[in-house]
Amino acid sequence: MLHLVAVLLTLSRGLPSDMVFTLRAEVQPGSIELSSAAAISPDCAVALAVFPASCPISVETPEGIFQPESIVCSPDLGLHILFFGERIFDASQPPCEEAPGAGDKLTIVGQGLSGLLSIEGTATMRYPDGAILLTAPFLDGMMGAAVFDSENRLVGLITGILEVQDGPLGAGEEYLVLYPSQIWYMWAQLACDPGLGDAPPFGVTAMASISFDPDRPSGIQLVSVAEGSEAWRIGLRPGDLISAIDGHPVFHPETLRGLRILSCDTLETVVWSHGVERLVAIPPVVTR
Amino acid sequence: MNCARARKLISLVIDGAAGEHQKRLLDFHLMGCPSCRRAFRMSSDIARLSHELPDPTPPSDLESAVRHMLAAESARTAPAKRLRTPLLAIPAVAALMVLVMTLSPLPGGDSGRGQELRTVASASVTSKVVAERTGSKSRVRTTPLSAYSRQASLISF
């Protein structure tokens, strides 16, 4: 029964290639660069920020070529959210909240010179900054390609290639890098609905912290915590590193910012400080 | 990849003749080689500056000057060494035209070695412009697959 439900859900999401569209960016006068845009709602798409948001951009659908009304950019996440102000995508889906695990088979849909390309890849391991390394052919058009799991869920975008010295396939192997939507889906949700972003300040300044040391986790490094702020009251202090929220590893401040606003429940966080872990509960935003 | 090969790839990339795989190879090498990074920056700057130079205008007496030089050269060369067919003369004429264009001052321009360099650079620009106009270089491309990197900045909320 559960399997049947999963199959029906997969079918209802549509094919991955139906949710990926050609993005044209005039990076220099007369010079067009083709990339991919993944529809995450009928009027919004997400794309890798491989071009400046100020250059002329258009997205091609079967109904025509559309220019976004506005673009929200996160330089840290390396993503653009394109707003079109009208329904232009027949097929779309919000980015997935889960990251693929090692061994998962994935479908990568990118933009070649002559049309969309679809290839298969396999998730192999997680990089310390939360990215997921894939084994797949390196083809033109894979930069910014949208990646879907076996249930046709959008699980992230391809953000480059990386050579890993100690990979499971041997030293010096190169992988495609998937930046999973698990890290940025809440940022995309807030960007798509600006009304959700009105929340009282938490009172922290934070940055992503990557650790290659097995004795120290990666996570969200709190650089400063304003005295008297909500973060201060619940016990967070400068130097704390939030390594997990609700049992999932976290890597970027946007994840905490987004989850705090979007979650209706208390967030259970694991906070690491000077080799000691403790649990801190972050209450939901009450004004929503 | 060693630096010698990287320098060859730099030229190909600057000329727009490198494939995606070659670009990726070069990107990887440049990440770890400051010397080649400098070379790449210099080559890029030279290419950019050369695009800003105006197209050269050949002097009005170019044809007559070339004919004059050919006639003088023919008179000076011994009969046994003369070019035997008109076809064989074509490379020599082309070489002389290039020589004349290179050494001739631009109208209204100054003279001297700086002017010679400027003219040579302009000639190369002309060939690039022609190549673009005739469509020998693609103006549409896919975003190249580049090395993964991620910036981390402070976010307050």
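Residues numbered from 1 in each chain as written. Chains lettered and ligands numbered in written order. Predicted model: local features only at pLDDT ≥ 70, side-chain atom pairs only at ≥ 80, totals over all residues. Heavy atoms only, no water.

### Remarks on the overall build of chain A
- A count of helices and strands for chain A gives four helices and 19 strands.
- Across the 288 residues of chain A, 53% fall into the buried class.
- Summed over all atoms, the accessible surface of chain A reaches about 12,500 Å², with 55% contributed by carbon and sulfur. (Helix = DSSP H or I, 4+ residues; strand = E, 2+ residues; numbered from the N terminus. Buried < 20%, exposed > 50% of the residue type's maximum accessible area, 1.4 Å probe, protein only. Areas by Shrake-Rupley, 256 points an atom, 1.4 Å probe, with all protein chains shown as cover.)

### Side note on the packing of aromatic side chains
- This structure, assessed with the given rule, holds five aromatic pairs over all chains.
- Judged by centre distance (4.7 Å) and plane angle (40°), the rings of Phe21 of chain A and Phe89 of chain A are tilted. Residue Phe21 of chain A is located in strand β1 (residues 20–28), and its partner Phe89 of chain A is located in the loop between β7 (79–83) and β8 (105–112); the two are separated by 68 residues in the primary sequence. Just as Phe21 of chain A is buried, Phe89 of chain A falls in that class too.
- Ring geometry for Phe202 of chain A and Phe157 of chain B: centres 6.1 Å apart, planes at 10°, overall stacked. Taken as a pair, Phe202 of chain A in the loop between α2 (181–192) and β14 (204–209) and Phe157 of chain B in the segment after β2 (155–156) lie in two separate chains rather than in one. Note on accessibility: Phe202 of chain A and Phe157 of chain B belong to one class, buried.
- Chaining the aromatic ring pairs together yields one cluster made of Phe21, Phe84 and Phe89 of chain A. (Phe/Tyr/Trp six-rings, centres within 6.5 Å; stacked < 30°, edge-to-face > 60°.)

### A few points about the confidence of the model for chain B
All names here are of chain B.
- Scored by pLDDT, chain B has a mean of 66; 57% of the residues are at 70 or more.
- A low-confidence stretch, residues 78–86 (pLDDT under 50), is modelled with five contacts involving residues beyond four sequence positions or located in other chains.
- Confidence estimates for the predicted assembly give a pTM of 0.65 and an ipTM of 0.80. (pLDDT = per-residue confidence, 0-100. Contact = heavy atoms within 4.5 Å.)

### A few points about a positive patch on the surface
Residue and element names in this part refer to chain B.
- Together, Arg7, Arg37, Arg38 and Arg41 make up a region of like positive charge exposed at the surface.
- With three residues, the top contributor of residues to the positive patch is helix α3 (residues 34–51).
- As for its position among the elements, Arg7 is in helix α1 (residues 3–14). (Patch = residues over 30% accessible without salt bridge, like charges linked within 9 Å, V, L, I, M, F, W, Y side chains within 5 Å. Salt bridge = Lys/Arg side-chain N within 4 Å of Asp/Glu carboxyl O. Lys, Arg positive; Asp, Glu negative; His and termini not counted. Charge placed at Lys NZ, Arg CZ, Asp CG, Glu CD.)

### Remarks on the pattern of salt bridges
- In this structure the tally under the stated criterion is nine salt bridges over all chains.
- One salt bridge connects Lys23 of chain B with Glu20 of chain B, and the closest N-O pair in it is separated by 3.2 Å. With Lys23 of chain B and Glu20 of chain B both in helix α2 (residues 20–32) and three residues apart, this pair spans about one turn of that helix.
- One network of salt bridges, in which partners are shared, links Glu98, Asp149, Glu151 and Arg153 of chain A.

### Examining the pairing of strand β3 (residues 44–48) of chain A
Residues and elements named next belong to chain A.
- Across the five residues of β3, five count as buried, placing the element largely inside the fold.
- Side-chain alternation along β3 places Cys44, Val46 and Leu48 on one buried face and Ala45 and Ala47 on a second face that is also buried.
- Looking at chain direction, strand β2 (residues 31–41) and β3 are connected through three bridges and run antiparallel. By the bridge assignment for β3, Ala38 is matched with Val46. (Pairing = 2+ DSSP bridges.)

### Examining helix α4 (residues 253–262) of chain A
- Most of α4 of chain A sits inside the fold, with nine of its 10 residues counted as buried.
- All of the buried residues in α4 of chain A are Pro253, Glu254, Thr255, Leu256, Gly258, Leu259, Arg260, Ile261 and Leu262 of chain A.

### Comments concerning the interface of chain A and chain B
- Facing 47 residues of chain A, the contacting portion of chain B comprises 21 residues.
- Across the interface of chain A and chain B, roughly 2,900 Å² is buried in total on both sides, 58% from carbon and sulfur atoms.
- Together, Asp76, Met143 and Ile161 of chain A form the three largest contributors to the area buried by chain A at its contact with chain B, with a combined 21%.
- Joining chain A to chain B, the criterion identifies one salt bridge.
- One salt bridge in this structure joins Arg141 of chain B and Glu33 of chain A, with 2.9 Å as the shortest N-O distance.
- Summed over the shared surface of chain A and chain B, the number is 17 residue pairs in polar contact (both at pLDDT 80 or more).
- Only β2, β8, β12 (154–164), β13 (173–180), β14 and α4 of chain A provide two or more residues apiece to the side of chain A that touches chain B.
- Grouping the amino acids of the side of chain A that touches chain B by side-chain chemistry returns 28 nonpolar, 12 polar and seven charged.
- Pairing analysis gives three bridges linking β2 of chain A to strand β1 (residues 140–142) of chain B, with the strands arranged parallel. Directly across from Ile32 of chain A, in β1 of chain B, lies its bridge partner Val140 of chain B. (Buried area = accessible area lost by both parts, 1.4 Å probe. Polar contact = N/O pair within 3.5 Å; in protein donor to acceptor, adjacent residues only side chain to side chain. Nonpolar A, V, L, I, M, F, W, Y, C, P; charged D, E, K, R; others polar.)

### Things to note about α2 of chain B
- In a regular helix each residue adds 1.5 Å, so 13 residues correspond to 18 Å; α2 of chain B covers 19 Å between its end C-alpha atoms and thus fits that length.
- For α2 of chain B, the secondary structure elements touched by its buried residues are β12 of chain A together with α1 and α3 of chain B. (Expected span 1.5 Å × (residues − 1).)

### Some details on the environment of Ala208 of chain A
- Within the secondary structure layout, Ala208 of chain A lies in strand β14.
- Under the relative-accessibility criterion, Ala208 of chain A is labelled buried at 16%.
- Separated by 44 residues in sequence, Ala208 of chain A and His252 of chain A place their C-alpha atoms 4.8 Å apart.
- Aside from chain neighbours lying at most four places away, what touches Ala208 of chain A is Gly219, Phe251, His252 and Pro253 of chain A together with Ala152 of chain B.

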